[in-house]
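# Notes for the structure review
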Amino acid sequence: MKKPLKKMYVCCSELQKEFFCKKIRQVLGEYVVPVLDYRKADAAYVIGEPDGQMKEELEAIKQRGIPVHEVNENLISQDVYETLVRRSTQDRKRMEERETGR
């Protein structure tokens, strides 16, 4: 049984929009359809640091109650990515402390 399609608005710089729409189709497959109008979206991916235009769109998206997911260029949740990096750094420190006997 197929899951229902989710309409995903891609909030990124205009120059990168086509690239990230294609990437979303490749990575997320048939379960997500990128849309170019946030008013038709079930959710939004924010890719990269928001510029002026993106900030305006984000305000409108949030006012509509559309869930916003901040992701990096690999479509990985920014929060998850930062947590993994932080844990990796902490694990590396612990290993170095064990090895040096501190």
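Anything mentioned here points back to the structure above.
If you're wondering where the values come from, they're calculated on a predicted model, not measured in any experiment.

The rules behind each value
- Residues numbered from 1 in each chain as written.
- Predicted model: local features only at pLDDT ≥ 70, side-chain atom pairs only at ≥ 80, totals over all residues.
- Heavy atoms only, no water.
- Helix = DSSP H or I, 4+ residues; strand = E, 2+ residues; numbered from the N terminus.
- Expected span 1.5 Å × (residues − 1).
- Buried < 20%, exposed > 50% of the residue type's maximum accessible area, 1.4 Å probe, protein only.
- Arc of directions from axis to C-beta.
- Contact = heavy atoms within 4.5 Å.
- Pairing = 2+ DSSP bridges.
- Axes fitted to C-alpha atoms, helices over the stretch in contact; angles between N-to-C directions.
- Disulfide = S-S within 2.5 Å.
- Phe/Tyr/Trp six-rings, centres within 6.5 Å; stacked < 30°, edge-to-face > 60°.
- Lys NZ or Arg CZ within 6 Å of the ring centre and 35° of its normal.

With 12 residues, helix H2 (residues 52–63) should reach 16 Å at 1.5 Å per residue; the first-to-last C-alpha distance of 17 Å fits that figure. Every buried residue of H2 is accounted for by Met54, Glu57, Leu58, Ala60 and Ile61. The arc enclosing the buried residues of H2, seen along the axis, measures out at 165°, which places them on a common side. Set apart from the buried face of H2 by more than 90 degrees, the exposed residues are Lys55, Glu56 and Gln63. At its buried positions, H2 is contacted by strand E1 (6–11), helix H1 (17–28), strand E3 (43–47) and strand E4 (68–71).

Moving on: the sheet that holds E4. With respect to topology, four strands assemble into an open sheet ordered E2-E1-E3-E4, the strand pairing being parallel. Taken across any chain shown, the strands that pair with only one partner, and hence form the sheet edges, are strand E2 (32–35) and E4. Looking at each pair of strands side by side, their axes are set apart by 30° on average, direction ignored. Bridge count for E3 against E4 is four bridges, and the pairing is parallel. Bridge pairing in E4 links Val46 to Glu70. Running at roughly 145° to E1, H1 makes contact with E1, E2 and E3 of the sheet. Sitting on the sheet, H2 is in contact with E1, E3 and E4, with an inclination near 150° to E1.

On inspection of all chains with the given rule, the structure shows zero disulfides. The closest cysteine sulfur to the non-disulfide-bonded Cys11 is located on Cys12, 7.2 Å from its own sulfur. Among the cysteines around Cys12, which has no disulfide bond, Cys21 carries the closest sulfur, lying 7.0 Å off.

If you walk through the whole model with that rule in mind, you get two aromatic pairs. Their ring planes at 75° and their centres at 5.9 Å tell us that Tyr9 and Tyr38 sit as a pair that is edge-to-face. Note that Tyr9 is positioned in strand E1 and Tyr38 in the loop between E2 and E3, a separation of 29 residues in sequence. Overall, Tyr38 belongs to the buried group, its relative accessible area being 17%. In this arrangement the basic side chain of Arg39 is found over the ring face of Tyr38, its NZ or CZ atom lying 5.5 Å from the centre.

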